[in-house]
Amino acid sequence: MPYVLYNGGELPNIVTVTKRLDPDGSIASIAELLTQYNPIIEDVPLIEGNLPVGHRHTVRADIPEPTWRRLNYGVRPTKSATAQVDETIGMLEDYSEVDKDLAMLNGNTAEFRMSEDEPHLEGMSNTMAQTIFYGDTSVHPDRFLGLAPRYASIAGLGGKFNAQTNSEYLKHIIDMGGTGGAGSALTSLYLVCWGPNTVFGIYPKGSKAGLISRDLGEVTLFDNDGGRFQGYRTHYQWKMGLAVRDWRYIVRIANIDLADLDDSDAQQALYRAMIKALHTIPSNNLGRPVFYAAPAVSAMLDLAAVEKANLALGMSEVFGRKITTFRGVPIRHCNAILETEAQVS
């Protein structure tokens, strides 16, 4: 389905983009398989980068403050502060290989090859989703920068913003109090407002969006002892990055202690944090807000919705599937979010 914004416009996601590129539907089927494993892949709007290996955009670092003018008194001109940010793109690749005779035994070679390719697709999807959340270019320069490293500490702003803006940034990390001590495990709940002026996925300038599959046909393969046999090989490549044009449209509810999820007071505290997160982003009109939760948190919220333990929780149909919502905002179950996060101090 297209990615529908609240203002009635549309942005392509991985499914719609690949359908446009591949009329026979084969690549689109691959894209739909990817989104089954990690729904966040389906939510990310894709925009072509303005660089061959990334995307450069200018972010607002400070908003000018106007003056109330009195008669016979002047006004000093003001200007906004900006900073240029280069977002990087990672190149994720994999190969799938199957024995030719084994594929032919099935009676439908193409269908058998696709069934053998599915684990590779799941691995591609898992790795991409994990990078969206945890990609750290300071540790792995071949990847792109994810959400968690951007909202890990005040240093996440890179010193490009003034003290007032740094203080505003800290409001986008809501601390639930977990410390990660003995017998506890921590996770985060993310609120992301997707849109072309807020947060979106990028792919290299002049290239194709989404995962590209190439059937390399029949090739000679080698077993572990160096023996040769004929087989089929498929090459997968996915070039993608994450662009945060306006950092104010992401909130991380951090340090959620999984041991407290059954405690009613802790649940109420989480609901309050989610309301606070919705009020922290400047506006819903610039994009489409979505909550992303780890399996344990998602299950707790789903149970609360079914039990009507909280009137803000409900069920809605999103992309043709029933999912939990909080005040109308979808809550996506996301396996890529760790339940063993380090404490965000």
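Coordinates for the structure precede this section.
All figures in this text were calculated on a predicted structure; none of them were measured in a lab.

Chemist: Please set out the overall build of the protein chain residue by residue, giving values where relevant.
Modeler: Scanning the protein chain from terminus to terminus reveals nine helices and 15 strands. The buried share among the 345 residues of the protein chain stands at 46%. Long-range pairs, those at least 24 residues apart, make up 74% of the contacts in the protein chain with a sequence separation of at least 6. For the protein chain, the exposed area adds up to about 17600 Å²; of that, 50% sits on carbon and sulfur atoms.

Chemist: Any chance you could break down helix α5 (residues 109–134) for me, citing the residues and the numbers?
Modeler: Since the α-helix packs 3.6 residues into each turn, any two residues three or four apart lie on the same face. The end-to-end C-alpha distance of α5, which contains 26 residues, comes to 38 Å, matching closely the 38 Å that a straight helix rising 1.5 Å per residue would cover. Along α5, the sharpest kink reaches roughly 35°, centred on E118 and followed within four residues by the proline P119.

Chemist: An account of the packing of helix α8 (residues 264–280) against helix α9 (residues 295–306) is requested, with residue identities and associated values reported.
Modeler: Remark: α8 packs on α9, axes separated minimally by 12 Å, with the N-to-C direction vectors making an angle of 95°. Looking at the two axes, α8 sits roughly perpendicular to α9. Residues Q267, L270, Y271 and M274 of α8 form the contact with α9, whose own contacting residues are V297, M300, L301 and A304. A breakdown of the residues in the contact of α8 with α9 according to their chemical character gives seven nonpolar, one polar and no charged.

Chemist: Describe α9, with residues and values.
Modeler: Here α9 is 12 residues long and its end C-alpha atoms lie 16 Å apart, about the 16 Å a rise of 1.5 Å per residue gives. Within the sequence span of α9, burial applies to V297, S298, M300, L301, A304 and A305. Buried residues along α9 cover an arc of 160° about the axis, so they all sit on one side. Residues of α9 that are exposed and point more than 90 degrees away from the buried face comprise L303 and V306. Among the residues trailing α9, K308 stands out with phi positive, at a value near 55°.

Chemist: Hey, could you go over the pattern of salt bridges for me, with residue numbers and the actual values?
Modeler: A complete count under the given rule lists nine salt bridges for this structure. For E97, the salt bridge identified is with R233, shortest N-O distance 2.7 Å. With E97 in strand β5 (residues 81–99) and R233 in strand β10 (residues 228–244), the pair connects residues that are 136 residues apart, well separated along the chain. Given the relative accessible area of 41%, E97 is considered partly exposed.

Chemist: Describe the nonpolar core, and please don't skip the residues or the numbers.
Modeler: Formed by 39 residues in total, the largest nonpolar core has its most connected members in I40, F133, W194, W238 and Y292. Among the secondary structure elements, those contributing two or more residues to this core are α3 (40–43), α5, α6 (147–150), β7 (186–194), β8 (199–203), β10, β11 (250–257) and β12 (288–293). By residue number, the principal contributor to this core is α5, which donates six residues. Filtering out sequence-adjacent residues up to four positions away, F133 remains in contact with I40, G146, L147, A148, P149, Y190, Y292, C334, A336 and I337.

Chemist: I'd like a description of the environment of F326, backed by residues and values.
Modeler: When you line up the elements, F326 lands in strand β14 (residues 321–326). Not counting residues within four places of it along the chain, the set of residues in contact with F326 comprises Y271, M274, I275, L278, F291, N310, A312, L313 and I331.

Chemist: Explain the pairing of strand β15 (residues 329–333) to me, and be specific about the residues and the numbers.
Modeler: A large share of β15 lies buried, amounting to four of its five residues. As judged from the three bridges shared by β12 and β15, these two strands associate in the parallel manner. Along β15, the bridge assignment pairs F291 with I331. Alignment of β14 against β15, held across two bridges, turns out to be antiparallel. In the sheet register, T325 faces β15, and the bridge partner there is P330. What sits between β14 and β15 in their antiparallel hairpin is a turn of two residues, with R327 showing a positive phi close to 55°.

Chemist: Describe unusual backbone geometry, with residues and values.
Modeler: Backbone geometry at N72 places phi at a positive 70°, although glycine is not the residue there. When its relative accessible area of 80% is taken as the criterion, N72 is described as exposed. Residues other than glycine seldom take positive phi values, yet N255 does so here, at roughly 60°. Within the secondary structure, N255 is located in strand β11.

Chemist: Before we move on, can you summarise the pairing of strand β9 (residues 211–222) with the specific residues and values?
Modeler: Both β9 and β10 contribute to a ladder of 11 bridges, which runs antiparallel. In the strand pairing of β10, S213 is matched with Y236. Connecting the antiparallel pair β9 and β10 is a turn made up of five residues, with G226 showing a positive phi of about 90°.

Chemist: Please set out the side chain of Q237 residue by residue, giving values where relevant.
Modeler: Relative to the elements of secondary structure, Q237 occurs in strand β10. Among the polar contacts made by the side chain of Q237, one reaches the side chain of E93 at a distance of 3.1 Å. For Q237, the contacting residues outside a window of four places in its chain are M91, L92, E93, M124, G210, L211 and I212.

Chemist: Any chance you could break down the environment of D94 for me, citing the residues and the numbers?
Modeler: Its place among the elements puts D94 in strand β5. Since its relative accessible area comes to 25%, D94 is described here as partly exposed. For the pair D94 and T234, spaced 140 residues apart in sequence, the C-alpha separation works out to 8.4 Å. Residues in contact with D94, not counting those within four places in the same chain, are H120, M124, T234, H235 and Y236. Within the local environment of D94, its side chain forms a polar contact with the side chain of H120, the two groups lying 3.0 Å apart.

How each quantity is defined
- Sequence order sets the numbering: in each chain, residues are counted from 1 along the sequence as written.
- Given that the model is predicted, a residue must reach a pLDDT of at least 70 before its local features are reported, and side-chain atom pairs must reach 80 or more before they are shown or counted; all residues, however, enter totals for whole chains, interfaces and linings.
- With hydrogens and water excluded, all non-hydrogen atoms of the structure serve as input to the side-chain values.
- Helix numbering and strand numbering both begin at the N terminus, where a helix is a DSSP run of H or I of at least 4 residues and a strand a DSSP run of E of at least 2.
- The buried label goes to any residue with under 20% of its type's maximum accessible area, the exposed label to any with over 50%, and the partly exposed label to all in between, with areas taken from a 1.4 Å probe on protein chains only.
- Any two residues whose heavy atoms approach within 4.5 Å at even a single point are treated as in contact.
- Only the protein chains shown count as cover for residues, and all accessible areas are computed by the Shrake-Rupley method using a 1.4 Å probe.
- Residue count minus one, scaled by 1.5 Å, sets the expected span of a helix.
- Fitting axes to the seven residues ending at a residue and to the seven starting there, one defines the bend at that residue as the angle between these axes.
- Axis lines are fitted to C-alpha atoms, over the contacting stretch for helices. Their N-to-C directions set the angle, which ranges from 0 to 180 degrees.
- In what follows, roughly perpendicular refers to angles from 65 to 115 degrees, roughly parallel to angles under 35, roughly antiparallel to angles over 145, and oblique to any angle outside these ranges.
- By the convention adopted, Pro, Cys, Tyr, Trp, Phe, Met, Ile, Leu, Val and Ala count as nonpolar, Lys, Arg, Asp and Glu as charged, and the other residues, Gly among them, as polar.
- Here, the arc refers to the directions that run from the helix axis to the C-beta atoms.
- Salt bridge, as used here: a side-chain nitrogen of Lys or Arg that lies within 4 Å of a carboxyl oxygen of Asp or Glu.
- By convention a nonpolar core is built from buried Ala, Val, Leu, Ile, Met, Phe, Trp, Tyr and Cys residues, the set being connected through side-chain atoms within 4.5 Å.
- The pairing criterion is simple: DSSP has to find at least two bridges between the two strands.
- Counting of polar contacts relies on pairs of N or O atoms within 3.5 Å, with two restrictions inside protein: one atom must be capable of donating a hydrogen and the other of accepting it, and residues adjacent in sequence are counted only when both atoms are side-chain atoms.

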